[in-house]
Amino acid sequence: MVEISKGIYYCGLHDKDRKIFDQLVPLPQGTTYNSYIVKGGLKTALIDTMYVKLRKPYIDMLSASGIVPDYIISNHAEPDHSGLIPELLEIFPNAEVLCSSKCAENLKNMLHVDAPRIREVSDGEELDLGGRRLRFIMAPWVHWPDTMFTYLAEDGFLFTCDFFGAHYTRNEVFADYTSDLAEAAKRYYSEIMMPFRSFCAKYLEKVRSMRVNMILPSHGPVYDKPEFIEKLYEDWTSPDVSRKVVIAYVSMYDNSRLMVEHLKEALAKRGVKVVLADIMDIDEGDLAMELIDAAGLVFGTSMVLTGPHPKSVYVAYLANILRPKLKFYCVVGSYGWGGKLSEPIDAMFTLTKPLKLDSVIARGKPVEEDFLKLDALADKISGLC
């Protein structure tokens, strides 16, 4: 347990060995689960708890501190933050859980927290701890509908749960403000927050208007210089895109590879930055980061039986649910005896609707006519970037 400021403690834990999050998101350096204690003159609040898999070191830490919380603040019901609430309520029988109404519903359904132990709070409501006030700020959809922030008014400290988070374990508590941290925060944003970009932009402006002294998220470091993470989010949530295209490709017999490499060179000649991503090698996080500011996404794919390679369809599904700022997409590739290369990819775009450009599809090894079509596609893409 580390004292952040007088009477305010970090009681989170590092999980450096965790390799994947939600069975989807790769964790290059593991993650942290952040929990905080705020002591007032009369009462004590525990803000967010812990992932059940780390119950023993967490409970041992709380026990060793001798601190008995009167309130458990649940900013968000996801189990990596609230999983230990049922056990903590047994250990601290007089503690009361405070959360949003949607979070209360989730805690009861997901963790079977007893309803009488929960008190729902409203937007702007305050809790007096004795010389310190916690103000609750509803912040739905960054990234669940139950999310709220908790603001320690006297100190100007804002506990933002998943918002402004990072899977980063290279420092104990406070941000090191390095390019490595910026990269980890970017990966986190692209994988978790990007589908809710408009909400992120909304709450970023709200946080900036508050002029907070410290941002304390539930993953990654504490920001005692909030402008660092605020500026990054300003860039990522901006509606602007770069003059950049991501080409995500898979090629069975090199024919599709020849096509995307030609397209890459054609785009480069026209001043368009191209990220060529072999989807058999790149992980979801790296691809998601590249999509943050991309103007377009090109699928380069081979035919498998009568449709595109399954990995290509998966990338389309991923792009659809992550909802980056794509202006357009298109399909290029090669087939042997027949099938539909584009339609299964097109069908994935249900939540986001980038412009579909004409496909360039070759039969077998591409010929001069196919390369001329790719040059024409490069002209079209350049005009849209």
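Residues numbered from 1 in each chain as written. Predicted model: local features only at pLDDT ≥ 70, side-chain atom pairs only at ≥ 80, totals over all residues. Heavy atoms only, no water.

Draft legend 1. The packing of aromatic side chains, seen in detail. The full count for this structure, using the stated rule, is 18 aromatic pairs. Centroid distance Phe149 to Tyr203: 6.1 Å. Interplanar angle 80°. Geometry classified as edge-to-face. With Phe149 in strand S14 (residues 148–152) and Tyr203 in helix H6 (residues 197–210), this residue pair connects regions lying 54 residues apart in the sequence. Its relative accessible area of 5% is what places Tyr203 among the buried residues. A network of ring pairs unites the aromatic residues Phe149, Phe163, Phe164, Tyr189, Tyr203, Tyr233 and Trp236 as a single cluster. (Phe/Tyr/Trp six-rings, centres within 6.5 Å; stacked < 30°, edge-to-face > 60°. Helix = DSSP H or I, 4+ residues; strand = E, 2+ residues; numbered from the N terminus. Buried < 20%, exposed > 50% of the residue type's maximum accessible area, 1.4 Å probe, protein only.)

Draft legend 2. Highlighting the sheet that holds strand S10 (residues 96–99). Reading across the sheet, the seven strands line up as S1-S2-S7-S8-S9-S10-S11 and stay open at both edges, with mixed pairing between neighbours. Strand pairing shows two members of the sheet lacking a second neighbour, strand S1 (2–5) and strand S11 (118–120), which therefore form its edges. Pairs of neighbouring strands in the sheet enclose a mean axial angle of 25°, with direction left out of account. The sheet contact formed by strand S8 (residues 44–47) and strand S9 (residues 71–73) spans three bridges and is parallel. Within S9, the residue paired with Leu46 across the bridge is Ile72. (Pairing = 2+ DSSP bridges. Axes fitted to C-alpha atoms, helices over the stretch in contact; angles between N-to-C directions.)

Draft legend 3. Geometry of the pattern of salt bridges. In this structure the tally under the stated criterion is 23 salt bridges. The residue Asp60 makes a salt bridge to Lys56 at a minimum N-O spacing of 2.8 Å. With Asp60 and Lys56 both in helix H1 (residues 55–65), this residue pair falls four residues apart, about one helical turn. A relative accessible area of 52% means that Lys56 is categorised as exposed. Residue Arg208 is joined to Glu234 by a salt bridge in which the shortest nitrogen-to-oxygen separation is 3.0 Å. With Arg208 in helix H6 and Glu234 in helix H7 (residues 227–237), the pair connects residues that are 26 residues apart, well separated along the chain. Relative accessible area serves as the criterion here: at 27%, Arg208 is assigned to the partly exposed category. Residue classification places Glu234 among the partly exposed residues on the basis of a relative accessible area of 34%. (Salt bridge = Lys/Arg side-chain N within 4 Å of Asp/Glu carboxyl O.)

Draft legend 4. Helix H9 (residues 284–291), seen in detail. Every buried residue of H9 is accounted for by Gly285, Leu287, Ala288, Met289 and Leu291. On its buried face, H9 sits against strand S5 (25–26), helix H5 (179–193), strand S17 (244–249), strand S19 (296–304) and helix H10 (310–322). Between the side-chain oxygen at the start of H9 and the backbone nitrogen of Gly285 there is a gap of 2.8 Å, and the oxygen is on Asp283. (Contact = heavy atoms within 4.5 Å. Polar contact = N/O pair within 3.5 Å; in protein donor to acceptor, adjacent residues only side chain to side chain.)

Draft legend 5. A look at the environment of Pro308. Among the secondary structure elements, Pro308 is positioned in strand S20 (residues 307–308). Separated by 177 residues in the primary sequence, Pro308 and Gly131 have C-alpha atoms spaced 63 Å apart. Each residue touching Pro308, except ones within four places of it in the same chain, is listed here: Thr301, Ser302, Met303, Val313, Lys340, Leu341, Pro344 and Ile345.

Draft legend 6. Up close: the pairing of S14. Burial analysis of S14 places five of its five residues in the buried class, the great majority of the element. The alternating pattern of S14 places Met148, Thr150 and Leu152 on one face and Phe149 and Tyr151 on the opposite face, and all of these are buried. Sheet topology places strand S13 (residues 133–138) next to S14; five bridges connect them, and they run antiparallel. Bridge assignment links Ile137 to a residue of S14, and that residue is Phe149. Here S14 pairs with strand S15 (residues 157–161) via three bridges, running antiparallel. In the sheet register, Tyr151 faces S15, and the bridge partner there is Leu158. Where S14 folds back onto S15 in an antiparallel hairpin, the turn is made up of four residues, including Gly156, whose phi is positive at roughly 70°.

Draft legend 7. Spotlight on helix H4 (residues 101–111). Buried residues of H4: Cys103, Ala104, Asn106, Leu107 and Leu111, and no others. Along the axis of H4, the buried residues cluster in a sector spanning 165°; they form a single face. Each element contacted by the buried residues of H4 is listed here: helix H2 (79–82), helix H3 (85–91), S10 and S11. Two residues or fewer after H4 comes His112, characterised by a positive phi angle close to 60°. (Arc of directions from axis to C-beta.)

Draft legend 8. Structural context of unusual backbone geometry. Omega for the peptide link from Val142 to His143 comes to 20°, which places this bond in the cis form. Phi at Asp254 takes a positive value of approximately 75°, unusual for a residue other than glycine. Following the sequence through the fold, Asp254 ends up in the loop between S17 and helix H8 (255–269).

Just distances and angles here, no functional claims.
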